[in-house]
Amino acid sequence: MPTRRYGTGLAVAALAAGLGLAAPAMAQVKIAFIDPLSGAMAPIGEHGVKHFQYMIDKINAKGGVNGQKMELITFDNKLSPQETVIAAQKAIDAGARILTLGNGSGAAAAMIDFVNKHNDRNPGKEVVYLNYAAVDPAFTNDKCSYWHFRWDAHSDIKMQALTSYMKGKPGIKKVYLINQDYSFGHAVRKAANEMVKAKRPDVQIVGDELHPLAKITDFAPYVAKIKASGADSVITGNWGSDIALLLKAAADANLQVDWYTYYAGGAGGPTAIKQTGLKDRVFQITEGHANVNTPENHAWEQDFRKKSAGQGWWYPRVRNEMEMLAKAMNEAKSNNPKVFAEKLRGMKYKLIYGTEAYMRAEDHQFFQDMYISNLTPLAGDMKFDEENTGWGWRTAAKIPMGNTDVPTTCKMAKPS
Amino acid sequence: MLELVIFSTLNGVLYGMLLFLLASGLTLIFSMMGVLNFAHASFYMLGAYFGFQLSQWLNFWTALIVAPVLVGLIGAGVERWGLRTVHKWGHVAELLFTFGLAFVIEELVQMVWGKLPVDYRVPPLLDFPAFELFGTTYPAFRMFMLLISVAIFLVLLMVLTRSRIGLIIQAALSHPNMVAMLGHNVPKVFMLVFGCGCGLAAIAGVIAGPALVTQPSMAHVLGPILFVVVVFGGLGSLPGAFIASLLIGLIQTFAIAINYSLGDALASLGMARPLQGVLSDLWQVTVAQIGPVVPYLMLVLILVFRPTGLMGTRES
Amino acid sequence: MAITTMTKPASLPLDLAKRYGIWILAAAVMIVLPKIFTSGAALTTMCLMGIMIVFSLSYNMLLGQTGMLSFGHAVYYGLGGFLAVHAMNTIAADRLPIPLPLLPLAGGAMGLLFGIIFGAVSTRRAGTVFAMISLGLGELIASLSLILRGFFGGEEGITANRTKMLTLFGVRFGPQIEVYYLIAAWCFVCIIAMFAFTRTPLGRMCNAVRENPERAEFVGYSTQMVRFIAFCIAGFFAGIAGGLAAINFELMNAVNISGAQSGVVLLMAYIGGVGHFFGPIMGAVLVTLLQVMLSDITGAWMLYFGLIFIMMVMFAPGGMAGLIMLHLPLWQRGTLLRVLPHYAVMAVPCAMGLAGLVLLIEAAHHQLVKAASDGPAMKLAGFAFASNAAPPWIVAAALLGAGLWLGRRWAPRLTAAFAEAAR
């Protein structure tokens, strides 16, 4: 089965092949990365590949897992749930038992469903799905699965952190919600409505907008509506072109509000923010960023940027995921998902930022400190900018893990 | 409320005019040659990218002239060496040709300029607020876009009604065979129309690029709506396309401004909203969410009740 | 399909073999295929092919047979699929005594129902008006699918579990191989049914409506009625394909009902060849294969996809089936062997041109997309080179140029040989 290998991966593979001649051939632990690698979302998928390749190189440099090397194989799911199922099948065929996928809650839901059924129907050949970016809360609530682990904070956790931060901002009086009209946007909207009301009963929600996903070319009409509502802050889960276009239209109309976003930092986001001059007004909520001030983090960022043509380490969660995976496999002394999944449940892990985090056993959701940061011209101890704009993320607040502890409705069925 | 109405009208007219720039070329191509040009929006995208590249190398004003000419030449080339060969295999073949072309153009654009939006900026000369109303500014560049599209509409009207080639094109619209019999070089007229149509789309691209976002998916988003404009307005009718563009622009913009659902309407009539069944969602949907659906509904309805379209005189 | 005229039968078994041989062969191929391609991915791909064969054949009832160009055929496929998924869930929840193999019928019924509703609106006119109404309806339903979450499940869609249904003879349809045989059986039945339809008087009338609607009216048939019936039947089979897809993926979502899906089925039918019954079958197989495999082989798969279609449309307007049928007269005359050497000769410039083009695209793709982050070193078909150095570009240009030049030079000889053999 021909698969695409990327850059360093190629070099590593060549090297491994060279070594393979000398030493007895070593079995590889295959990690299948399934994400959009073509189409509009491809930049996000391709940058994800670099993250995983970087992690695998690091793990292999330390001797791999259980004496075996890890190998990354990549598949393009074109962001479609059904292509995801096909890609997963191809990955399993190629010998992968660890699947990872991030983007698109539709694709992720299909993946969870596929993995559940596959493991049910193929006892002894279990696979595990490591989720690094799909944040629909349902995946660790109603749809939770023993075979699914999530390292990104789901949208309710992020909203919990965001509203904790807003609690300390008396200047916020009127909030406007604008989200994409699909499951993730709905989740953000629902959480925002509930949590803002609970934490700041005095704040008025002056608008609650849903717009079609990735179809709007001109957000000016929406911005006119926000303006007319008299809002001082906007909460949005928009990503991709939907956030860039929204910010651009807002700058054109001279809309003076604070933006509380989930994904302003995504591909193209910082460029749009810089271009529209929204200094200090765009916030994002993440599990970390380039300018979190620890020497380890700086060293990590520097090394990665050197290897990826200056692009930043977007996903601290990929580091968490892969290091915990390697740890679980080594501790379980097995590369069999059925065995090492047990080790992942409830595993405690020390983040690069110095604090502790853990994988909750009840729902397989990772809990960690959250960071609210805003994009601003580099100053003081900020070391890294984004997309060569000269602007970087600066921590506005750190929300400790305890404040984001949302309950779960998950009733996990353990496989026999 | 008044400000919302004023700005929605402005935005709606602007969006409508942008649609018209694209649809004017498409309606000529479609009505004369019968080609459902699925790649038309791709030429709009090419215009935006060429505009971006040329304004990086030279400046925006040169780009505004040169980019449409380049795209027009490419369009003429596509007609001459592609479509003309395919023409003898019928309309479905032509359509599929443009289908494939749209794929190729999108992938080439992605290869050359990347998959992320490019930093295509408003020229400094026009980078100021044109006016301020109730605290909202309206960018000068948008006024400029409006001006350009109105100007092109007028020029197009003049050319079609006053010039000789315009008369031939008009004749070819309604009686293509007759025009050929009269000894005009119809393939040449086709090539000219196709090239000019692509050029017009490219002008729309050059001026829309900085105001909206220049990215590889920009063609996708506009594609099907153009057919709605052309068919709704009526085949072969430029005024029809003009009215349809404005109508769809205004409807889509105003739909966004209204927060009202069918359930609200029922509630105001004193009826409870049905909460059960698979269709229960229908009552919760607001007019704003319905907005993008409306054009297609209009398309189906007009074709069912008036197959010639709003101002058209023939069906195919 | 090869139609055998009833000549004097030499013996009964031989005659039967001649008449039904092609069907027996098709059934045999369907049964044996999974024994040859055993990997899970191959099985998944073959399941997809089976579904797409039914879907594209149903589409060809409109385009090829009745001359109706539709841009919204995925509506019936998608609605059929969604109903099948809901039916699966309901049957499993209420423990109804309905086995899985009958489920595609539910999808078919849904396709038929909406075929009747939308057909009544859209088939009153032919040509461009019909095409545009189908585009409008397609986009309308696709947009609605994101609004009516109860039925369509939004972006995520609706999932089901096929193994939770009544088991017949101990077959749970858990393993993919069992699903393959279910799909193959349905596919086989549908192919026969659709082929039989082309032989009915109504099927012939459809052709008449395509060729000359006025004369069809003179004969006494209402062209509108013929279009309507053909539309409904096409909707029915599209619904069956949707039901099969629902069983295969156990998942239906908005993509299945979108304009993109309608575009894909149009491509399949056309590339395969709308002029012959078996054309769409070949188209479905090829396009599915491209969709599943191409993106694994190259990053620029969309470019190849587009180029392949442009080439096909420009040089093989009859599709793959048209190309094959072009050689039928030669086969019958026994002169096919005479042109084969010429094909062999032509294969050389074709291969050169193709290799040059692929090298050009791959090198350009690497240089433009990947070189910035991964460096210029790349590999293609076992050769390692740098995309920023001159040699690969020179080689590519030379191959492409030589291929084109030789091709143009030698093409007349092939044409002459072909004409000679066909005379």
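Residues numbered from 1 in each chain as written. Chains lettered and ligands numbered in written order. Predicted model: local features only at pLDDT ≥ 70, side-chain atom pairs only at ≥ 80, totals over all residues. Heavy atoms only, no water.

> Can you explain the state of the cysteines? Please cite residues and give values.
Applying the stated criterion across every chain yields a total of 1 disulfide over all chains. Summary of cysteine pairing: Cys206(C) is not part of a disulfide, and the nearest cysteine sulfur, belonging to Cys232(C), is at 11 Å. (Disulfide = S-S within 2.5 Å.)

> Can you break down the interface of chain B and chain C residue by residue, with the values?
Chain B puts 43 residues into the contact, and the matching count from chain C is 41 residues. Interface area, chain B with chain C, both sides summed: about 3900 Å², of which 83% is carbon and sulfur. By the criterion of area lost to chain C, the three top residues of chain B are Leu96(B), Phe103(B) and Met111(B), representing 17% of everything that side buries. Remark: the boundary between chain B and chain C carries 0 salt bridges. Summed over the shared surface of chain B and chain C, the number is 1 residue pair in polar contact (both at pLDDT 80 or more). Sorting the residues of the side of chain B that touches chain C by element identifies helix H3 (60-87), helix H4 (91-113), helix H9 (218-233), helix H12 (280-284), helix H13 (287-290) and helix H14 (294-305) of chain B as the ones contributing at least two each. Among the elements that make up the side of chain B that touches chain C, the one with the highest residue count is H4(B) (15 residues). (Contact = heavy atoms within 4.5 Å. Buried area = accessible area lost by both parts, 1.4 Å probe. Salt bridge = Lys/Arg side-chain N within 4 Å of Asp/Glu carboxyl O. Polar contact = N/O pair within 3.5 Å; in protein donor to acceptor, adjacent residues only side chain to side chain. Helix = DSSP H or I, 4+ residues; strand = E, 2+ residues; numbered from the N terminus.)

> How would you explain a nonpolar patch on the surface if you had to name every residue and give the values?
All names here are of chain B. On the surface, a nonpolar cluster with roughly 430 Å² of combined accessible area is contributed by Ile65, Val66, Val69, Leu70 and Leu73. Assignment of secondary structure puts Ile65 in helix H3. Of the residues examined, Ile65 reaches a relative accessible area of 57% and is grouped as exposed. (Patch = residues over 30% accessible without salt bridge, like charges linked within 9 Å, V, L, I, M, F, W, Y side chains within 5 Å. Areas by Shrake-Rupley, 256 points an atom, 1.4 Å probe, with all protein chains shown as cover. Buried < 20%, exposed > 50% of the residue type's maximum accessible area, 1.4 Å probe, protein only.)

> Any chance you could break down the packing of aromatic side chains for me, citing the residues and the numbers?
Applying the stated rule across the entire model yields 56 aromatic pairs over all chains. Centre to centre, the rings of Phe33(A) and Phe52(A) are 5.4 Å apart; their planes meet at 55°, and the pair counts as tilted. Here Phe52(A) lies in helix H2 (residues 42-61) and Phe33(A) lies in strand E1 (residues 28-35), a separation of 19 residues in the sequence. With a relative accessible area of 0%, Phe33(A) lands in the buried category. In textbook terms, an aromatic cluster arises when at least three aromatic residues are bridged by ring pairs, as seen for Phe33(A), Phe52(A), Tyr132(A), Trp314(A) and Tyr315(A). One cation-aromatic arrangement involves Lys58(A) over Trp300(A); the distance from NZ or CZ to the ring centre is 4.7 Å. The positively charged end of Lys78(A) is found above the aromatic ring belonging to Trp301(C), 4.5 Å away from the centroid. (Phe/Tyr/Trp six-rings, centres within 6.5 Å; stacked < 30°, edge-to-face > 60°. Lys NZ or Arg CZ within 6 Å of the ring centre and 35° of its normal.)

> How would you explain the interface of chain C and chain A if you had to name every residue and give the values?
Taken residue by residue, the interface counts 36 residues in chain C and 35 residues in chain A. Of the roughly 3200 Å² buried between chain C and chain A on both sides combined, carbon and sulfur atoms contribute 54%. At the junction of chain C and chain A, the tally comes to 2 salt bridges. Ionic pairing is found between Glu250(C) and Lys117(A), a salt bridge with its closest N-O pair at 3.6 Å. For the pair chain C and chain A, the number of links is 10 residue pairs in polar contact (both at pLDDT 80 or more). Secondary structure elements with two or more residues in the side of chain C that touches chain A: helix H2 (40-66), strand E2 (251-252), helix H12 (279-297) and helix H16 (336-374) of chain C.

> Give a detailed account of the domain arrangement of chain C, specifying residues and quantitative values.
Residues and elements named next belong to chain C. Each assigned domain of chain C is listed with its residue range as follows: domain 1 (12-320) and domain 2 (328-422). For the domain 1 and domain 2 pair, buried surface summed over both sides reaches about 450 Å², with 69% attributable to carbon and sulfur atoms. The tally of links from domain 1 across to domain 2 stands at 0 salt bridges. (Domains from an automatic or database assignment.)

> Describe unusual backbone geometry, naming the residues involved and giving the relevant values.
All names here are of chain A. Despite not being glycine, Lys333 shows a phi value in the positive range, around 50°. By secondary structure assignment, the location of Lys333 is in the loop between helix H11 (316-332) and helix H12 (337-344). Look at Lys333 and you get exposed, because its relative accessible area is 71%. A positive phi angle, near 50°, is found at Glu387, a position not held by glycine. Summarising the element assignment, Glu387 is placed in the loop between strand E14 (370-377) and strand E15 (391-399). Residue classification places Glu387 among the partly exposed positions, given a relative accessible area of 30%.

> Quick rundown of the environment of Leu37(A)? Include the residues and the values.
Here Leu37(A) lies in the loop between E1 and H2. Using a relative accessible area of 0% as the deciding quantity, one classes Leu37(A) as buried.

> Tell me about helix H8 (residues 201-211) of chain C, and please be specific about residues and values.
Residues and elements named next belong to chain C. Here H8 has its buried residues at Gly203, Met205, Cys206 and Val209. Along H8, the residues classed as buried sweep out an arc of 155° about the axis, all on the same side. The exposed residues of H8 that point more than 90 degrees off its buried face are Pro201 and Glu211. Packing partners of the buried residues in H8 comprise H2, helix H7 (176-199), helix H9 (213-219) and helix H10 (223-249). (Arc of directions from axis to C-beta.)

> Run through the nonpolar core, naming residues and quoting values.
Of all hydrophobic cores here, the largest spans 339 residues; its most connected members are Met70(A), Met322(A), Phe43(B) and Leu69(C). Ranked by the residues each element gives to this core, the list is headed by helix H1 (residues 2-33) of chain B, at 18 residues. Setting aside chain neighbours within four positions, we find Met70(A) in contact with Gln28(A), Val29(A), Ile31(A), Ile56(A), Ile59(A), Asn60(A), Val65(A), Met322(A), Leu325(A) and Met329(A). Within the second largest apolar cluster, 28 residues are counted, among which are Tyr176(A), Ile226(A), Leu255(A) and Trp393(A). (Core = buried A, V, L, I, M, F, W, Y, C linked by side-chain atoms within 4.5 Å.)

> Tell me what's going on with the pattern of salt bridges, and back it up with residues and numbers.
Summed over the entire model, instances satisfying the criterion amount to 26 salt bridges over all chains. Residue Arg210(C) is joined to Glu211(C) by a salt bridge in which the shortest nitrogen-to-oxygen separation is 3.0 Å. Each of Asp113(A), Lys117(A), Arg121(A), Arg162(C) and Glu250(C) takes part in salt bridges that share partners, so that together they form one network.

> Lay out the layout of surface pockets with the relevant residues and their values.
Looking at the largest pocket, its volume works out to about 2000 Å³. Looking at the largest pocket, it is lined by 44 residues, and the ones nearest its centre are Leu307(C), Met311(C), Phe315(C), Leu357(C) and Leu404(C). Every element with two or more residues in the lining of the largest pocket is listed here: helix H2 (40-57), H3 and H4 of chain B together with helix H13 (301-315), helix H14 (319-326), H16 and helix H17 (390-422) of chain C. Here the lining of the largest pocket takes 11 residues from H16(C), the largest share from any one element. For the lining of the largest pocket, the class distribution of residues is 39 nonpolar, 4 polar and 1 charged. Both domain 1 (12-320) and domain 2 (328-422) of chain C contribute no fewer than three residues apiece to the lining of the largest pocket. (1 Å grid on protein atoms, 1.4 Å probe; cavity = no way out; pocket = protein on both sides within 12 Å on 5 of 7 lines; lining within 4 Å. Points joined across faces, edges and corners; volume = space filled by probe spheres on them. Nonpolar A, V, L, I, M, F, W, Y, C, P; charged D, E, K, R; others polar.)

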